[in-house]
Amino acid sequence: MRQAIPAEERLIATGKSYEDLKFSTGIAAQTLGSIIPETCKAIYEILQDTYMKVPQTSKDWKEVANGFKDRWQMINCGGCIDGKHIRICQPARSGALYYNYKNFYSIVLMAIVNHNYELIYVDVGKQGRISDGGVIQATTFYRRLQNETLNLPKPMDCEEDLNVVFIGDAAFSIEEHVLKPFPQKSLNYERRIYNYRLSRARNVVENAFGLIASRFRILQTSINVNPNDTNYIVLAICTLHNFLIKHNSSYVKPTSENSETQDTEDIDVSGQLFPLQNCKK
């Protein structure tokens, strides 16, 4: 048998189409189509237990909630939920199964993000035509949440004797452990403040998606491999994102974060100030 392709050559084959890569790597496009998903699968399986693990105990969930309280002033938050459409080329004989409301073909990355932009749970591969609310209901996380097997802290052990909750946008349904903003048409003073605080904390998941799209540029193109292989590419990206957060201090830059000034209680989003007083009108 011929000599196996070494790990160094496998890891260097990134960022271009298979046809381009075959000239820079000296590896046939057909072989690249096999080893790249295989390498991504290995990266995910090796790193997932260390860098992407759902909290297992009540103590673990309380650490996440304390992180949201200290950093984003949101109590009893176990994470922020959102979905990202990963653009793909239309799979053969798939019809409109992967065609989403944004008018392109995609699979959905459903993620739960903690206070530090780390992805603590991901589900990849649902068809783009399914809404975020439908995708989350088809995940193992949601089934465990409904079955009360996530080992969430009891209300008596939490701030103000309230439930641990997960924050989503308007696409999700409100439940015992899921919160979303009030509709804009029915806002009073208290609801505006609630929406402001909820949205401020929920920005961590939007920023996390922005970070992975900025660093892993394949997410800015249409991935032209079969959906099963695309799943492993995305899973590898998610684990590498968490790895970089823990080991690369320059990965998350100060400009990537939202901050609130201490004196004026204004929220600073990408350098533009939005006064909290607007929430009181």
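The coordinates are above.
Residues numbered from 1 in each chain as written. Predicted model: local features only at pLDDT ≥ 70, side-chain atom pairs only at ≥ 80, totals over all residues. Heavy atoms only, no water.

K.L.:
Give a description of the packing of aromatic side chains that names residues and reports values.
P.N.:
For the structure shown, the criterion picks out seven aromatic pairs. Ring geometry for Y51 and F243: centres 5.3 Å apart, planes at 75°, overall edge-to-face. Remark: F243 occurs in helix α8 (residues 227–247) and Y51 occurs in helix α3 (residues 29–51); sequence separation between them is 192 residues. Looking at Y51, the relative accessible area reads 15%, which means it is buried. Relative to F166, the ring of F141 has its centre 5.1 Å away and its plane inclined at 85°; by these criteria the two rings are edge-to-face. (Phe/Tyr/Trp six-rings, centres within 6.5 Å; stacked < 30°, edge-to-face > 60°. Helix = DSSP H or I, 4+ residues; strand = E, 2+ residues; numbered from the N terminus. Buried < 20%, exposed > 50% of the residue type's maximum accessible area, 1.4 Å probe, protein only.)

K.L.:
Residues and numbers for the packing of helix α7 (residues 189–215) against α8, please.
P.N.:
Between α7 and α8, whose axes approach to 11 Å, the crossing angle comes to 100°. By the angle between their axes, α7 is roughly perpendicular relative to α8. The residues of α8 that touch α7, namely those facing A208, L211, I212 and R215, are I237, H241 and L244. Its residues placed into classes, the contact of α7 with α8 shows five nonpolar, one polar and one charged. (Axes fitted to C-alpha atoms, helices over the stretch in contact; angles between N-to-C directions. Parallel < 35°, antiparallel > 145°, perpendicular 65-115°, else oblique. Contact = heavy atoms within 4.5 Å. Nonpolar A, V, L, I, M, F, W, Y, C, P; charged D, E, K, R; others polar.)

K.L.:
Before we move on, could you go through the sheet that holds strand β1 (residues 77–87) and cite the residues and values that matter?
P.N.:
Within the open sheet, the five strands sit side by side as β3-β2-β1-β4-β5. Their pairing is mixed. Of all strands in the sheet, those with a lone pairing partner are β3 (119–127) and β5 (178–179), marking the two edges. Helix α4 (residues 58–72) contacts β1, β2 (106–113), β3 and β4 (165–167) of the sheet and is inclined by roughly 85° relative to β1. (Pairing = 2+ DSSP bridges.)

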